[in-house]
Amino acid sequence: MNPINLSTLQSLLPDAKFQNCDSLSNVNFTGLTSLSLANPSDISFVASKNFVNEAKASKSSLLVVSSETSESLGDKAIVVVPKVELATAKIIRLFFPETKPSGKRSANVAIDPSAKIGSNTDIGHFVTIGKDSVIGNDCIIEDGVKIGDRVHIGDGARIGKNCVFFDDTIVGKRFIVFGNSTFGGDGFGFVFADGKHNKIPQVGRVVIGDDVEVGSNCTIDRGALSDTTIGNGCKFDNMVHIAHNCKVGDHVIIAGQSGLAGSVTLGNHVIIGGACAISDHLTLVDGTIIAGGTSLRTSPKTKDVYVGWDLGLTFPEFQKYRVNIKNIVNLNKWLKRIEIIEKKVGIEPKES
Amino acid sequence: MNPINLSTLQSLLPDAKFQNCDSLSNVNFTGLTSLSLANPSDISFVASKNFVNEAKASKSSLLVVSSETSESLGDKAIVVVPKVELATAKIIRLFFPETKPSGKRSANVAIDPSAKIGSNTDIGHFVTIGKDSVIGNDCIIEDGVKIGDRVHIGDGARIGKNCVFFDDTIVGKRFIVFGNSTFGGDGFGFVFADGKHNKIPQVGRVVIGDDVEVGSNCTIDRGALSDTTIGNGCKFDNMVHIAHNCKVGDHVIIAGQSGLAGSVTLGNHVIIGGACAISDHLTLVDGTIIAGGTSLRTSPKTKDVYVGWDLGLTFPEFQKYRVNIKNIVNLNKWLKRIEIIEKKVGIEPKES
Amino acid sequence: MNPINLSTLQSLLPDAKFQNCDSLSNVNFTGLTSLSLANPSDISFVASKNFVNEAKASKSSLLVVSSETSESLGDKAIVVVPKVELATAKIIRLFFPETKPSGKRSANVAIDPSAKIGSNTDIGHFVTIGKDSVIGNDCIIEDGVKIGDRVHIGDGARIGKNCVFFDDTIVGKRFIVFGNSTFGGDGFGFVFADGKHNKIPQVGRVVIGDDVEVGSNCTIDRGALSDTTIGNGCKFDNMVHIAHNCKVGDHVIIAGQSGLAGSVTLGNHVIIGGACAISDHLTLVDGTIIAGGTSLRTSPKTKDVYVGWDLGLTFPEFQKYRVNIKNIVNLNKWLKRIEIIEKKVGIEPKES
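The structure presented is a predicted model; accordingly, all values stated were derived computationally and were not measured.

### Considering the packing of helix H7 (residues 331–345) of chain A against helix H7 (residues 331–345) of chain B
The N-to-C vectors of H7 of chain A and H7 of chain B enclose an angle of 30 degrees; their axes lie 11 Å apart at closest approach. Note that H7 of chain A runs across H7 of chain B; the crossing there is left-handed. Only Leu-331, Trp-334, Leu-335, Ile-338, Glu-339, Ile-341, Glu-342 and Val-345 of chain B of H7 of chain B make contact with H7 of chain A, whose side of the interface consists of Leu-331, Trp-334, Arg-337, Ile-338, Ile-341, Lys-344 and Val-345 of chain A. Along the lines of polarity and charge, the residues of the contact of H7 of chain A with H7 of chain B split into 11 nonpolar, no polar and 4 charged.

### Structural notes on the interface of chain C and chain A
Note on interface size: it is often stated as the accessible area lost on association of the parts. Contacts between the two partners involve 68 residues from chain C, matched on the other side by 70 residues from chain A. Roughly 5600 Å² is buried in total at the junction of chain C and chain A, and carbon and sulfur atoms are behind 65% of that figure. Across the chain C-chain A interface, the total number found is 2 salt bridges. One salt bridge connects Lys-199 of chain C with Glu-213 of chain A, and the closest N-O pair in it is separated by 2.8 Å. For the interface between chain C and chain A, the tally reads 25 residue pairs in polar contact (both at pLDDT 80 or more). For the side of chain C that touches chain A, the secondary structure elements donating two or more residues are strand E15 (164–165), strand E18 (182–185), strand E19 (190–193), strand E20 (196–199), strand E23 (219–221), helix H5 (315–323), helix H6 (325–328) and helix H7 (331–345) of chain C. With 9 residues, H7 of chain C is the single largest residue contributor to the side of chain C that touches chain A.

### A look at the relation of the copies chain A and chain B
Expressed as a screw operation, the relation of chain A to chain B combines 0.0 Å of axial shift with a rotation of 120 degrees, fitting to an RMSD of 0.1 Å. Such a turn and shift between the copies fits a three-fold axis.

### Description of the sheet that holds strand E29 (residues 259–260) of chain C
Residues and elements named next belong to chain C. Spatial strand order, E6-E9-E12-E15-E18-E23-E26-E29-E32-E35: 10 strands in an open sheet with parallel pairing. A strand with exactly one partner marks an edge of an open sheet, and here the two such strands are strand E6 (110–111) and strand E35 (295–296). Across 2 bridges, E23 lies against strand E26 (residues 241–242) in parallel orientation. Residue pairing for E26: Thr-219 is matched across the bridge by His-241.

### Comments concerning the pairing of strand E19 (residues 190–193) of chain A
All names here are of chain A. Relative to strand E20 (residues 196–199), E19 runs antiparallel, the two being bridged by 4 bridges. In the strand pairing of E20, Phe-192 is matched with His-197. Linking E19 back to E20 in an antiparallel pair, the connection comprises 2 residues, with Asp-194 at a positive phi of about 55 degrees.

### Section: the domain arrangement of chain A
Looking at chain A, the domain boundaries give domain 1 (6–95), domain 2 (166–311) and domain 3 (316–345). Taking the mean C-alpha position of each, domain 1 of chain A and domain 3 of chain A sit 53 Å from one another.

### Observations regarding unusual backbone geometry
Even without glycine at this site, Asn-217 of chain A takes up a positive phi of about 55 degrees. Checked against the element boundaries, Asn-217 of chain A lands in the loop between strand E22 (213–214) and strand E23 (219–221). Despite not being glycine, Asp-168 of chain C shows a phi value in the positive range, around 75 degrees. Its place among the elements puts Asp-168 of chain C in the loop between E15 and strand E16 (170–171).

### Thoughts on the interface of chain A and chain B
On the chain B side, the residues contacting the 68 residues of chain A number 70 residues. The tally of links from chain A across to chain B stands at 2 salt bridges. Taken together, the links from chain A to chain B amount to 25 residue pairs in polar contact (both at pLDDT 80 or more). The set of elements that each furnish at least two residues to the side of chain A that touches chain B consists of strand E15 (164–165), strand E18 (182–185), E19, E20, E23, helix H5 (315–323), helix H6 (325–328) and H7 of chain A. Broken down by element, the side of chain A that touches chain B gets its largest block of residues, 9 residues, from H7 of chain A.

### What about the pattern of salt bridges?
Residues and elements named next belong to chain A. Applying the stated rule across the entire model yields 33 salt bridges over all chains. A salt bridge links Arg-158 to Glu-142, with the shortest nitrogen-to-oxygen separation between them at 3.6 Å. With Arg-158 in strand E14 (residues 158–159) and Glu-142 in the loop between strand E11 (140–141) and strand E12 (146–147), this pair connects stretches of sequence that are 16 residues apart. Residue Arg-158 is classed as partly exposed on the basis of its relative accessible area, which comes to 25%. In the salt-bridge network here, residues are joined through shared partners; they are Arg-150, Asp-167, Asp-168 and Arg-222.

About the criteria used
- Residues numbered from 1 in each chain as written.
- Chains lettered and ligands numbered in written order.
- Predicted model: local features only at pLDDT ≥ 70, side-chain atom pairs only at ≥ 80, totals over all residues.
- Heavy atoms only, no water.
- Axes fitted to C-alpha atoms, helices over the stretch in contact; angles between N-to-C directions.
- Helix = DSSP H or I, 4+ residues; strand = E, 2+ residues; numbered from the N terminus.
- Left-handed = near helix turned anticlockwise from the far one by under 90°.
- Contact = heavy atoms within 4.5 Å.
- Nonpolar A, V, L, I, M, F, W, Y, C, P; charged D, E, K, R; others polar.
- Buried area = accessible area lost by both parts, 1.4 Å probe.
- Salt bridge = Lys/Arg side-chain N within 4 Å of Asp/Glu carboxyl O.
- Polar contact = N/O pair within 3.5 Å; in protein donor to acceptor, adjacent residues only side chain to side chain.
- Least-squares fit on C-alpha atoms with pLDDT ≥ 70 in both.
- Pairing = 2+ DSSP bridges.
- Domains from an automatic or database assignment.
- Buried < 20%, exposed > 50% of the residue type's maximum accessible area, 1.4 Å probe, protein only.

As structure tokens, this is what we get:
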């Protein structure tokens, strides 16, 4: 952790307004933390109006705030920024700079002579790289990564320990992935004949755009005939599964343990919460949001927030659904009430 | 990709009828792709009647069709086959032959002297093989695979990068697995006593039949006392979890991110869609189909298609359920209607 | 498997009552198995009253029983114990002793000179250990494990093949983990600005207590600012995902394919079944039980058993819900019945 001072912060955040900060010019800040944990040498932040009182009580000597909360904290040393989370992210990065590659390469590797490795790229221990694969400049390939043949990895990538890239996988620039993820395994395609499941060869590729981040223990399968494609700027959490032939747009978010079945198409800026299952061949238009825990079986027709177990409910409908859960558990009593009424008013009772 | 000509196709598909193909005898086909993407040098295929018009417009000079669509395409050069997908799979394999082992072995390995490795088996870099393990003939053990003690892997297996086999795992012939899957880890068994969870030793094995394919990042746990067993011809997608003591029949399909809890028994030809959770000790009879996204808590009594969150609904029931989702969100309004009726007809209103 | 005799069993289970065992003093038991599979040289066990008849028919010459079943089996050679499963677990361990470390270290490793490794610790092949990391005494670090910088692993740990520990992860004593699990990858945190998702640096750690067991292909992410913490005695099955900033108490059970979203707090002795999704920022109090397949969106207020897709139902409520599933599929018919009644009694029909 590097201590930083006020002028470094001012350079980092040129659009920010620093108020009541005169007394801080000699302070070396040593960290950024939550309001309640902060010491005088820590920067802290006020995420929303709900935290104003906590901010007043905090020992932090410098608070990152929005214009919304700056007035209530007018007597504190504050940094007023357009977006608190974004400024905070930048400050944290100052304290904890990213590890930079330096071109160091382990001797304990197995790299095919035909593979090309860019300048200033680190190669960890027990890495393998196959025929005709190309690794860009300024990459970090961590220990135990296994890369097949004809794989391309763009400049500035950071490939976490023990990840696997099967043949022909193409990855853009500044790609980040953590541990034990697998790219380019065969899609799941079989045809039943003669009493058994016969494999359909999977000869498409995985093609991933720039600025994509993937968590740990994810899987992205190669396409059957065409490619599985992931756009630019997508961010996937841990244990996300993308099946063959999916076409994922730009800046798509998929949270942990969610999966896309085969041939799903996601527009740009789609957000999928955790533990979601999207059925095969569905299409989600740009900006669609699927709440966590949703199992989706039909393509929603419009951009909206959808949620629920196979309900295809919009969020307002879902809220009514939740209200009615207590009614569901009493339905059998209701049925008796309807039957009693029918008897009383002389209606022939019907089955069900 | 190997270019192929008509006579090679005729040898490959002896039961097929080639119609209007005289002009193609000198063509070297260079690929097989979808109707819309095909060039004259590509073979394409007509999956069903829905694609007849697209087929007529396709630039492909040779179409694989069924007898159902052959008449509508009578003036095209066509190959009429009993099952389009199966013929297509065979043709793709011609263009993209499987990698064959050649007996090459990396020197960067750690193989116990007591282990036996068959003839013509490839061993990748940084592979480990433990005591008394036996690898068959004609296998490909890819880079980074870690194999424990007393593991048996049958002839013709292809073990993907960084997969792990714990001690005593037994795998049949022609096994395929992609990356980062784990076999033979301990089952999840504890007994609560003295305020803590005490481990029950897991001393059964994993025993897998012939012609099984497993995706990436799957887990199959060893049995507690008896074995976890997987029959012949089973195909599992990515992130499938099989818990201890499960008994899986032959030719079972399990799609991505589905799991079997402990001691589940699956008959032959069971199909489980993606993102399903099958509770412990359930039994599914031969041919049962569980639709994707289903959480199953009771053993269905008959072979059928089941679907739904804990509903145990057959597919026709499920279709009625879906129709009624819109009713669920209005149940609170219905309750008021029932109460108004009761008041009007002089029935004492009841709670709930 | 080590054969064992009666006196060894008597030493192992000092609180047990051995009845009718005089004739067994010369028997060498060779295993412990289920009642139906047991031979005379096998010990077996009677899990509950339901198995008394099977016990009478078993060929096993020694049965582990509880006081509940001991009377019914009064003429058999029995070992009466307070908790059958616990005694059984101890006996199995006698037959299958745990592998003990012996301090053997592969030469095929890459261990930073600043790392410290305790006495009697085994290091497998192709293991990497980064700067300033500390491995305790009596550990087994299996083949292919990749450990980053400043990682601490406590005494007596057993780290399974190909597991990954990113920088700064702290693990207590007697930790067990199986294959391909990943610890300390970045949490999933982004802030949307300027049309893209900007990474929030994740600078907290993973801190795991003593006596924790984790299955295969699990992921536990580092915290954003504060740590992700796991208490003592927790047991996690395969493919369990713990997101950043979660605080998990002591002796928590999480079954396969379940996940905690970010900042979830679990009390002590919480039990979460398989395939559950716990939404971010929820809190479960001590002793809460979440049944398998549950997607939980609100924090239950009391210790209880909860179950259901977003239902937040207690178990008794859930049982009523299940009864009413058949009613849900008929709701559209009920609506017609209500409408008919309304018409008959002269109530203005209402929409929905």
